[in-house]
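Here is what each chain is made of, one letter per residue.
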Amino acid sequence: MLVEEIRQPGQAKHSAAYWAKKLALSERSLARLMVSETGLSFRPWRQQLQLILAINRLVEGERVEIIAHELGYESVTAFITMFKKALGITPGQYRQGINA
């Protein structure tokens, strides 16, 4: 359920506290559940999910500005920085590699 909810535009920005409340769990219970199910704490898991969602949308040709906004980044620059830090290339470079 969490993945389906967090995939909706504008939902990926919410904190673990928000999702714990929405799922009627304590933050601690959500944290334990995340680690037991994924091996990751909430933040790294959310970042990996955001990368997957971003890559899918880049492949579909969506603009980087829209992707960054809907994934909850404060700015396009912050999104590009996260993407490059995680993958070693910018979203634009990734898209160029796909189209090459």
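Just above, that's the structure.
Residues numbered from 1 in each chain as written. Predicted model: local features only at pLDDT ≥ 70, side-chain atom pairs only at ≥ 80, totals over all residues. Heavy atoms only, no water.

### Regarding the overall build of the chain
(1) Moving on: A count of helices and strands for the chain gives seven helices and zero strands.
(2) Moving on: Listing each helix as α and each strand as β along the chain from the N terminus yields α-α-α-α-α-α-α.
(3) Moving on: Projected onto the principal axes, the alpha-carbon positions of the chain cover approximately 45 × 25 × 20 Å.
(4) Moving on: In the chain, buried positions account for 30% of the 100 residues.
(5) Moving on: Considering only intrachain contacts with a sequence separation of at least 6, the fraction spanning at least 24 residues in the chain is 45%.
(6) Moving on: As displayed, the chain offers around 6,400 Å² of accessible surface, 53% of which is attributable to carbon and sulfur atoms.
(7) Moving on: One finds the centroid of the 13 positive side-chain charges in the chain at a distance of 6 Å from the centroid of its 9 negative side-chain charges. (Helix = DSSP H or I, 4+ residues; strand = E, 2+ residues; numbered from the N terminus. Buried < 20%, exposed > 50% of the residue type's maximum accessible area, 1.4 Å probe, protein only. Contact = heavy atoms within 4.5 Å. Areas by Shrake-Rupley, 256 points an atom, 1.4 Å probe, with all protein chains shown as cover. Lys, Arg positive; Asp, Glu negative; His and termini not counted. Charge placed at Lys NZ, Arg CZ, Asp CG, Glu CD.)

### Re the packing of aromatic side chains
(1) Moving on: Taken as a whole, this structure holds five aromatic pairs when the rule is applied.
(2) Moving on: With a centroid separation of 5.5 Å and an interplanar angle of 65°, the aromatic rings of Tyr73 and Phe79 are classed as edge-to-face.
(3) Moving on: Its relative accessible area of 18% is what places Tyr73 among the buried residues.
(4) Moving on: Judged by relative accessible area, which is 0%, Phe79 ranks as buried.
(5) Moving on: In this structure an aromatic cluster arises from ring pairing among Tyr73, Phe79, Phe83 and Tyr94. (Phe/Tyr/Trp six-rings, centres within 6.5 Å; stacked < 30°, edge-to-face > 60°.)

### Details of helix α4 (residues 42–59)
(1) Moving on: The end-to-end C-alpha distance of α4 is 26 Å, a good match for the 26 Å that 18 residues give at a rise of 1.5 Å each.
(2) Moving on: Buried within α4 are the following residues: Phe42, Trp45, Arg46, Leu49, Gln50, Leu51, Leu53, Ala54, Ile55, Arg57 and Leu58.
(3) Moving on: Gly61 sits one or two residues past α4 and shows a positive phi near 90°. (Expected span 1.5 Å × (residues − 1).)

### Notes on the pattern of salt bridges
(1) Moving on: Under the criterion given, the structure shown has four salt bridges.
(2) Moving on: Between Glu62 and Arg57 there is a salt bridge whose closest N-O contact spans 2.8 Å.
(3) Moving on: Put simply, Arg57, Glu62 and Glu70 are held in one network by salt bridges that share partners. (Salt bridge = Lys/Arg side-chain N within 4 Å of Asp/Glu carboxyl O.)

### Describing the nonpolar core
(1) Moving on: With 23 residues, the main nonpolar core has Ile6, Phe42, Trp45, Leu71, Phe79 and Phe83 as its most contacted residues.
(2) Moving on: With eight residues, α4 is the largest single contributor of residues to this core. (Core = buried A, V, L, I, M, F, W, Y, C linked by side-chain atoms within 4.5 Å.)

### A closer look at the side chain of Gln50
(1) Moving on: Tracing the backbone through its elements, the reader meets Gln50 in helix α4.
(2) Moving on: Judged by relative accessible area, which is 6%, Gln50 ranks as buried.
(3) Moving on: In this view, Gln50 contacts Ala12, Leu71 and Tyr73; residues no more than four positions away in its chain are not counted.

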